[in-house]
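So the chains spell out like this:
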Amino acid sequence: MAAAVGRTSITKTTFYLQIFESSIKSRSLANAKTIHQHFLKQNLNYSSIILDKLTRVYISFHQLHLAHRVFDKIPYPERKNNVLLWNQLMRAYAWEGPFDHAINLYLEMTQSGVTPNKYTYPFALKACSAIQDIELGKMIHDRVKNEFLDDDVYVCTALVDFYAKCGLLDDARKVFDKMSNRDVVAWNAMIAGSSLHGMYHKTMKLIEEMQDAGLRPNSSTIVAILPAIGEASELMQGKAIHGFSIRNRFNNNVVVGTGLLDMYAKCKHLDYTRRVFDTINVKNEVTWSSMITACVAKDSSMEALKLFNKAIVNNNGNISPVTLSTILRACANLTNIKTGRCIHGYSIKLGFISHLTISNTFLSLYSKCGILQDTMRFFNEMEFKDTVSFNSIISGCVQNGDAGIAFNMFENMKKLRINPDMETMIGFFPTCSHLAALQHGECGHGYAITQGFTKSTKVCNAIIDMYSKCGKINLGRLVFDQMNTRDVISWNAMIFGYGIHGLGFEAVKLFENMLRDGFNPDGVTFICVLSACSHSKLIEKGKDLYYSMNEKFQISPKIEHCLCMVDLLGRAGLLSEAHEFILEMPLTPDVRIWSALLGACRIHKDFNLGEEISRKIQILGHESSGNFVILSNIYSTAKRFDDAARTRVIQKEKGLKKSPGCSWIEIDGNVHMFVGGDKSHPWWVLINRRLDELLVGMKELGYDGDYGFVLQDVEEEEKGHILLYHSEKLAVAFGDVSLRLGKSIFVTKNLRVCVDCHTALKYMSMIMKREITVRDTIRFHHFKDGSCNCGDFW
């Protein structure tokens, strides 16, 4: 009877083993799961043989979480002696991840008394290299020595690969040099490690040594060296390797073909890249992804979109998160929100939307397309966020002029203890610049220093710009002088800073220093230095610089340079010369050019020319309400009130509204914002009282409101109150009641300071006995003791 039961048990076990084997051959995971469910439902006792086989079945189907669960049910004695199964599961984790599961399995194995064999260590070392666990890798190396396996080619190759991938190339070389038997795989491990870290010359030297040792490179060798060639942009060497691959028929290998494709892409030869791509008969997902990435990198985003559509058809919809992320970059480059939204839906369908890389790329896409509402909604829906997520939001907000949200994002980032990186700071400093948040900018500068970010030229350029726009041009110069390396942007930022502070002589001197130090100016440099000349009345110097652009530096003037020249001449009162310059311009003048001259006509009260220019602007089409306002002010100044009223009616009929004046001031790290006529500030009563006091004092000193800047049809007394509640006056009054006596006031405005406010602020600086600095859209105005550094010339 007992023998019969035993035979039945053996028969059943054999039956189940055959079914499992059949499932593997037929690639039917469903069949294997059905048998497993049968065991569970019937509450049958598993034999170790069945559990062993079921574990292997799940490993073969890459169901590692199920494989591990079944593996844990194998009774301890049988599991302890089954080193082969330990190795199989560890190998699967080491190749597919999660890599820390492979390491945990290795530690469990050694701690439970299971004796590893020479095949165990390479799997554990591969997992260590994947997560850069150098400490455990070195412990495994010590164990290998103790077990006298340090001359085994299989184990030593794994050690070389581990050290090389972890960047410990000297340690890798030591192990490599001690190997008594070095095959092609060992050489490839050493070569791949050197190539991975961009060491082109070392990589090529290793190839020579390998050939001197009598070994011929194989396809894996070619795949290993191509990244180093690409990173070094050694096109000729790449072509030689390509020829070698063709002669040895390696190019038919899809991995080699993809490597060649990637190498040509990194060498910035899209035509060669495409030729290689077209010769690959069987393309895998990596091949398509590499070709799409190459197109995006070379600004061929339309071609990338076409390839993406073909990839979906050819790969039966098998698209990786990496490819999706790349094609989203193409959509962002093209600001193609329609296709971006389609890919968003496609990502949800594929289940990739939860991938952090994909989510971050969507944030970047929506930000670059200026759809901040969708960007914020998507950001808030993200389950996981990292530094890149916040960086995308911050940079997007800055690009779209919403510095307030960007600033709040940076604060939220700190609250969530997500450490800002270099890219964060590059986005953060422009936020401080826009809001003139000096205190936060200084804190950010301190953080950048402690993190070592100030070694980056980009970061220092952003800091220079921040200090310049926060009114601390001297601190900007200090950062500039301490930079280890400068680029053209560094010089441009400093020249621009001097210009907006009305320090034209310093800007021109810095420009000359730039030339002396061997830097070639670009078009932006000339915009900065010409603008500086304009703000400082350096008429002749400005003319010389403009004409030297083409003659000396072979830079053709663009519309922006012509605009600077019209501004330069117009501000100096040379209206006829400015008009003649426009008529002789090599480019067709646009609305901006004529508007600059119209503004000069208002300042210098040339009503006839102003009216003529206004007619030209009306033919071209007004870009904004600003030109109507200027013309209305010209008529008001000439006491042609009917014409002024008619201009305002035309403005209203065209639906053009003047942007509301907005000013802000930073007090104790908090940014306070004021809109013209706004009475909502918590300190309104104190602000209003102080404004009334200042008005009395200003009138005693001779102030008389310039009512030409009040467009509303109201009584004179009411006009006086409208002028009094302009946003910059509200901000200055708030600063006066908030700051200690004698401390300077710094205010930023979103529009150009009007003439009345400019006059009033000069009087206020006398009454308050304070320095008042106002940064408008044109420049800085430094008011002190009743005068402004612009000399009433802005």
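No experiment lies behind these values; they were computed from the predicted model shown.

Caption draft 1: Region of interest: the pattern of salt bridges. Following the criterion strictly, the structure yields 31 salt bridges and no others. Among the salt bridges present, the one from Arg-274 reaches Glu-303, with a minimum N-O distance of 2.6 Å. In this pair, Arg-274 is assigned in helix α17 (residues 270-279) and Glu-303 in helix α19 (residues 301-314), connecting sequence segments 29 residues apart. By relative accessible area, which is 22% here, Arg-274 ends up partly exposed. Ionic pairing is found between Asp-567 and Arg-571, a salt bridge with its closest N-O pair at 2.5 Å. Linking Asp-567 with Arg-571, this pair stays in helix α34 (residues 559-571), spanning four residues, or about one helical turn. You can call Arg-571 buried: its relative accessible area is 5%. Among the charged side chains, a salt-bridge network with shared partners connects Arg-173, Asp-177, Arg-182, Lys-205 and Glu-209.

Caption draft 2: Spotlight on the UniProt feature "repeat: PPR" (unreviewed entry) in the protein. In the numbering used here, UniProt assigns the "repeat: PPR" (unreviewed entry) feature to residues 82-116, 152-182, 183-217, 386-420 and 487-521. From the first C-alpha to the last, residues 82-116 spans 10 Å; its make-up is 77% helix and 0% strand. Taken as a whole, residues 183-217 contains 74% helix and 0% strand, while its terminal C-alpha atoms sit 11 Å from one another.

Caption draft 3: Fine view of unusual backbone geometry. A cis amide bond links Gly-97 with the next residue in sequence, Pro-98, at an omega value of -5°. Here Pro-98 shows up in the loop between α6 (83-96) and α7 (99-111). The phi dihedral of Phe-148 is positive, around 55°, even though this residue is not glycine. By secondary structure assignment, the location of Phe-148 is in the loop between α9 (134-146) and α10 (153-165). Look at Arg-249: it is not a glycine, yet its phi comes out positive at around 60°. Mapped onto the elements, Arg-249 comes out in the loop between α15 (235-247) and α16 (254-266). Using a relative accessible area of 67% as the deciding quantity, one classes Arg-249 as exposed.

Caption draft 4: Just the pairing of strand β1 (residues 662-667), in detail. Burial analysis of β1 places six of its six residues in the buried class, which makes it a mostly covered element. Judged by which residues are buried, β1 turns out to be covered on both faces: Cys-662, Trp-664 and Glu-666 on one side and Ser-663, Ile-665 and Ile-667 on the other are all buried. Where β1 meets strand β2 (residues 670-675), six bridges bridge the pair, whose relative direction is antiparallel. Counted as the bridge partner of Ile-667 is Asn-670 from β2. Once β1 ends, the chain turns through two residues before running back antiparallel as β2, passing Asp-668 with a positive phi of about 50°. Bridge count between β1 and strand β3 (residues 745-749): two bridges; the pairing is antiparallel. Across the sheet, residue Ser-663 finds its bridge partner in β3, namely Lys-749.

Caption draft 5: Spatial organisation of the side chain of His-501. Within the element layout of this structure, His-501 appears in the loop between α30 (488-500) and α31 (504-516). Residue His-501 is classed as buried on the basis of its relative accessible area, which comes to 3%. Beyond its immediate stretch of four places on either side in the chain, His-501 contacts Ser-468, Gly-471, Ile-473, Arg-779, Phe-780, His-782 and Asn-789.

Caption draft 6: Representation of the packing of aromatic side chains within the structure. The full count for this structure, using the stated rule, is 27 aromatic pairs. Between Trp-683 and Phe-734, the aromatic rings sit 5.4 Å apart at their centres with planes inclined by 75°, giving edge-to-face as the arrangement. With Trp-683 in the loop between β2 and α40 (684-700) and Phe-734 in helix α42 (residues 727-738), the pair connects residues that are 51 residues apart, well separated along the chain. Residue classification places Phe-734 among the buried positions, given a relative accessible area of 2%. Pairing Phe-746 with Phe-780 gives two aromatic rings, centres 5.8 Å apart and planes at 45°, and the pair type is tilted. Pair noted here: Phe-746 is in strand β3 and Phe-780 is in strand β5 (residues 780-784), with a separation of 34 residues, a long-range link. What makes Phe-746 buried here is its relative accessible area of 18%.

Caption draft 7: Broad picture of the packing of helix α27 (residues 438-450) against helix α28 (residues 457-469). Where α27 meets α28, the closest approach of the two axes is 10 Å, and the angle between their N-to-C directions is 160°. Here α27 lies roughly antiparallel to α28, going by the angle between them. Judged by the sense of rotation from one axis to the other, the crossing of α27 with α28 is left-handed. In this structure, α27 contributes Leu-438, Gly-441, Glu-442, His-445 and Ala-448 to the contact, and α28 contributes Val-459, Ile-463, Met-466 and Tyr-467. Tallied by class, residues from the contact of α27 with α28 come to six nonpolar, two polar and one charged.

Caption draft 8: Quick peek at α9. The end-to-end C-alpha distance of α9, which contains 13 residues, comes to 19 Å, matching closely the 18 Å that a straight helix rising 1.5 Å per residue would cover. Leu-136, Gly-137, Ile-140, His-141 and Val-144 are the residues of α9 that are buried. Along the long axis of α9, the arc covered by the buried residues comes to 150°, so they all point the same way. In α9, those exposed residues whose orientation departs by more than 90 degrees from the buried face are Glu-135 and Asn-146. Where α9 is buried, its residues touch α7, α8 (120-130), α10 and α11 (169-178). At the C-terminal side of α9, Phe-148 shows a positive phi close to 55°.

Caption draft 9: A look at the pairing of strand β4 (residues 772-775). Of the two faces of β4, the one holding Ile-772 and Val-774 and the one holding Thr-773 and Arg-775 are both buried throughout. As defined by bridge partners, β3 adjoins β4 across four bridges and the pair is classed as parallel. When the bridges of β4 are listed, Thr-748 appears paired with Arg-775. For the crossover from β3 across helix α43 (residues 755-768) to β4, the handedness is right-handed. Direction of pairing for β4 relative to β5: antiparallel, over a ladder of four bridges. Its bridge partner lying in β5, Ile-772 is registered against Phe-783. Hairpin connection, β4 to β5: the antiparallel pair is bridged by four residues.

Caption draft 10: Spatial organisation of helix α35 (residues 575-583). Considered for burial, the residues of α35 that qualify are Leu-575, Ala-578, His-579, Phe-581 and Ile-582. Across the axial projection of α35, the buried residues extend over an arc of 160°, all falling on one side. Opposite the packed face of α35, turned more than 90 degrees from it, sit the exposed residues Ser-576 and Leu-583.

Caption draft 11: Layout of the nonpolar core. With 187 residues, the main nonpolar core has Ile-140 and Phe-429 as its most contacted residues. With sequence-adjacent residues up to four places away left out, Ile-140 is seen in contact with Tyr-106, Tyr-121, Ala-124, Leu-125 and Cys-128. Membership of the second largest hydrophobic core comes to 33 residues, among which are Trp-684, Tyr-703, Ile-745 and Met-768.

Basis of the calculations
- Residues numbered from 1 in each chain as written.
- Predicted model: local features only at pLDDT ≥ 70, side-chain atom pairs only at ≥ 80, totals over all residues.
- Heavy atoms only, no water.
- Salt bridge = Lys/Arg side-chain N within 4 Å of Asp/Glu carboxyl O.
- Helix = DSSP H or I, 4+ residues; strand = E, 2+ residues; numbered from the N terminus.
- Buried < 20%, exposed > 50% of the residue type's maximum accessible area, 1.4 Å probe, protein only.
- UniProt positions renumbered as here; feature names shortened; annotations may be inferred.
- Pairing = 2+ DSSP bridges.
- Contact = heavy atoms within 4.5 Å.
- Phe/Tyr/Trp six-rings, centres within 6.5 Å; stacked < 30°, edge-to-face > 60°.
- Axes fitted to C-alpha atoms, helices over the stretch in contact; angles between N-to-C directions.
- Parallel < 35°, antiparallel > 145°, perpendicular 65-115°, else oblique.
- Left-handed = near helix turned anticlockwise from the far one by under 90°.
- Nonpolar A, V, L, I, M, F, W, Y, C, P; charged D, E, K, R; others polar.
- Expected span 1.5 Å × (residues − 1).
- Arc of directions from axis to C-beta.
- Right-handed = clockwise from strand over helix to strand, strands pointing away.
- Core = buried A, V, L, I, M, F, W, Y, C linked by side-chain atoms within 4.5 Å.

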